[in-house]
Amino acid sequence: MNGQMKRYKNSLSNMQDPILLSQCPSIKLDLRGLMRYAKEKGVKVVDLSEKRKHSLLKNELCEDFI
């Protein structure tokens, strides 16, 4: 085994465990509304502010993400 493979295996052992879907909060995003809003404003979705994007989230935990 060469040095590159050793570093690779070492990096794998140092990685944290994957996050399971069941551990993620249930967040619903109104994609249609987001795209409609961006189109009305004449901008791309990626150019919208984070605050505006978060306003389209539907979850009781939304305040934690803002």
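Scroll up a little and you will see the structure.
All values derive from a computational prediction rather than experimental measurement. Think of each chain on its own: its residues are numbered from 1, step by step along the sequence as written. Given that this is a predicted model, residues contribute local features only at a pLDDT of at least 70 and side-chain atom pairs are listed and counted only at 80 or more, while totals for whole chains, interfaces and linings are drawn from all residues. Each side-chain value is worked out from all heavy atoms of the structure, with water and hydrogens disregarded.

I tried to follow the packing of aromatic side chains on my own but got confused; where do I start?
For any two aromatic rings, the description comes down to two numbers: the centre-to-centre distance and the angle of the planes. Pairs were defined over the aromatic rings of Phe, Tyr and Trp, the Trp ring being its six-membered one, requiring ring centres within 6.5 Å. Orientation was assigned from the angle between planes: stacked under 30 degrees, edge-to-face over 60, tilted for the rest. Applying the stated criterion across every chain, the model contains zero aromatic pairs. Note that R52 overlies the ring of Y37, its terminal NZ or CZ placed 4.0 Å from the centroid. Comment: the charge-over-ring label is applied if NZ (Lys) or CZ (Arg) is within 6 Å of the ring centre and within 35 degrees of the ring normal.

Is there a simple way to explain a nonpolar patch on the surface in this structure?
Together, M5, Y8, L12 and M15 line one region of the surface with nonpolar side chains, adding up to about 410 Å² of accessible area. Put simply, DSSP H or I for four residues or longer makes a helix, DSSP E for two residues or longer makes a strand, and each gets a number counted from the N terminus. As for its placement among the helices and strands, Y8 is situated in helix α1 (residues 3–14). A patch is a set of surface residues, each over 30% in relative accessible area and not in a salt bridge, joined within 9 Å for like charges and within 5 Å for the nonpolar side chains Val, Leu, Ile, Met, Phe, Trp and Tyr. Accessible surface area values rest on a Shrake-Rupley calculation with a 1.4 Å probe, where residue burial reflects the displayed protein chains alone. Each reported salt bridge corresponds to a side-chain nitrogen of Lys or Arg within 4 Å of a carboxyl oxygen of Asp or Glu.

When you look at the environment of K28 in this model, what are you seeing that I'm missing?
Assignment of secondary structure puts K28 in strand β1 (residues 28–29). Between the C-alpha atoms of K28 and L57, which are 29 residues apart in sequence, the distance is 5.8 Å.

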